[in-house]
Amino acid sequence: MLYDNHMKLIVGLGNPGSEYNFTRHNFGFLALDFYAKIHNLTWQNPKFHAIWLKEGNAIFIKPQTFYNDSGQAVSEFAKFYKIPPADILVICDDFDLPFGTLRLRAKGSSGGNNGLKSITNHLSTTDFSRLRLGTDNPEIRTKLGDINFVLGHFSAAEKSALPTILQKSSAEIDNFA
């Protein structure tokens, strides 16, 4: 099927609510907020269950349905703007990657990530790009357990490394868009 546009959809995964700011699970939101700030972009009021903005041929969204139901917003934007899965980039945290590691893949499994599972279910395909931002910190993760680890805030050492990581993620977004 041919599409009459070349729109891209860039999705950052996270949870809505200020209590989740600077938590590992909101790394996708943080990446998009950083990108918007350095490009002087402004988020729009929610539509299709997401805060969004449009810049050129790219639409950026932060789903507001909570992490595990992110697929709803992604599928609604993709359907409305006729964006095929190959033109979708999802940015998410990954505690199986060392902290600070970025991994870009054109398609693949959810790797146990519930946000990616939701998107796969709503799009009925795994053929969308994903940029995984590593959050693993074995010392902290072992103490807290997986759920408290992903919902926990970045440590002071991790926070000091964020600008470099977010600059790299912004470059990946620019390459994709």
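Source: prediction; values computed, not measured.

## Description of the overall build of the chain
Along its length, the chain carries six helices and seven strands. Reading the chain from its N end, one meets helices and strands in the order β-α-β-β-β-α-β-β-α-β-α-α-α. Scaling as 2.2 N^0.38, a compact globule of 177 residues should have a C-alpha radius of gyration of about 16 Å, and the chain matches this with 15 Å. Principal-axis analysis of the C-alpha atoms places the extent of the chain at approximately 50 × 35 × 25 Å.

## Notes on helix H6 (residues 156–176)
Each turn of an α-helix holds 3.6 residues, which means side chains three or four residues apart point in the same direction. The terminal C-alpha atoms of H6, which comprises 21 residues, lie 30 Å apart, in line with the 30 Å expected from a rise of 1.5 Å per residue. The largest bend in H6 comes to about 40°, at leucine 162, with the proline proline 163 one to four residues further on. Looking at the buried side of H6, the elements it contacts are strand E1 (8–12), helix H1 (27–38), strand E4 (58–63), strand E5 (88–98), strand E6 (102–105) and strand E7 (129–136).

## Focus on the pairing of E5
Buried residues dominate E5, accounting for eight of its 11 residues. Two elements, E5 and E7, share seven bridges in a ladder whose sense is parallel. Across the sheet, the residue bridging to leucine 89 is serine 129, located in E7.

## What about helix H2 (residues 71–80)?
Taken together, the buried positions of H2 are occupied by Gly71, Ala73, Val74, Ser75, Phe77 and Ala78. Check the buried side of H2 and you find it contacts E1, strand E2 (44–47), strand E3 (50–55), E4, E5 and helix H3 (114–123).

## Examining the packing of aromatic side chains
As enumerated under the stated definition, the model contains nine aromatic pairs in all. Aromatic side chains phenylalanine 48 and phenylalanine 80 sit 5.1 Å apart centroid to centroid with 50° between the ring planes, which places their arrangement in the tilted category. With a gap of 32 residues between them, phenylalanine 48 in the loop between E2 and E3 and phenylalanine 80 in helix H2 connect regions that are remote in the sequence. Judged by relative accessible area, which is 24%, phenylalanine 48 ranks as partly exposed. Considering the side-chain rings of phenylalanine 99 and phenylalanine 154, the 6.2 Å spacing of their centres and the 65° angle between planes classify their relative orientation as edge-to-face. Taken together, the residues phenylalanine 99 in the loop between E5 and E6 and phenylalanine 154 in the loop between helix H5 (146–150) and H6 connect sequence positions 55 residues apart.

## Things to note about the side chain of serine 118
Structurally, the position occupied by serine 118 is in helix H3. By relative accessible area, which is 6% here, serine 118 ends up buried. Residues in contact with serine 118, not counting those within four places in the same chain, are Asn68, Asp69, Ser70, Gly71 and Gln72.

## Some points on the pattern of salt bridges
This structure, assessed with the given rule, holds eight salt bridges. With a shortest N-O distance of 3.1 Å, arginine 24 and glutamate 158 are connected by a salt bridge. With arginine 24 in the loop between E1 and H1 and glutamate 158 in helix H6, this pair connects stretches of sequence that are 134 residues apart. Accessibility classification places arginine 24 together with glutamate 158 in one group, the buried group.

## Looking at the sheet that holds E1
An order of E2-E3-E4-E1-E5-E7-E6 is seen for the seven strands of this open sheet, with the pairing classed as mixed. Edge positions in the sheet fall to E2 and E6, since each of these pairs with one other strand and no more. The mean angle between the axes of side-by-side strands here comes to 30°, regardless of whether they run parallel or antiparallel. Of the strands in this sheet, E1, E2, E3, E4 and E5 are in contact with H2, which crosses E4 at around 155°.

Cut-offs applied
Residues numbered from 1 in each chain as written. Predicted model: local features only at pLDDT ≥ 70, side-chain atom pairs only at ≥ 80, totals over all residues. Heavy atoms only, no water. Helix = DSSP H or I, 4+ residues; strand = E, 2+ residues; numbered from the N terminus. Rg over C-alpha atoms; globule rule 2.2 N^0.38 Å. Expected span 1.5 Å × (residues − 1). Bend = angle between axes of the 7 residues up to and from the residue. Contact = heavy atoms within 4.5 Å. Buried < 20%, exposed > 50% of the residue type's maximum accessible area, 1.4 Å probe, protein only. Pairing = 2+ DSSP bridges. Phe/Tyr/Trp six-rings, centres within 6.5 Å; stacked < 30°, edge-to-face > 60°. Salt bridge = Lys/Arg side-chain N within 4 Å of Asp/Glu carboxyl O. Axes fitted to C-alpha atoms, helices over the stretch in contact; angles between N-to-C directions.

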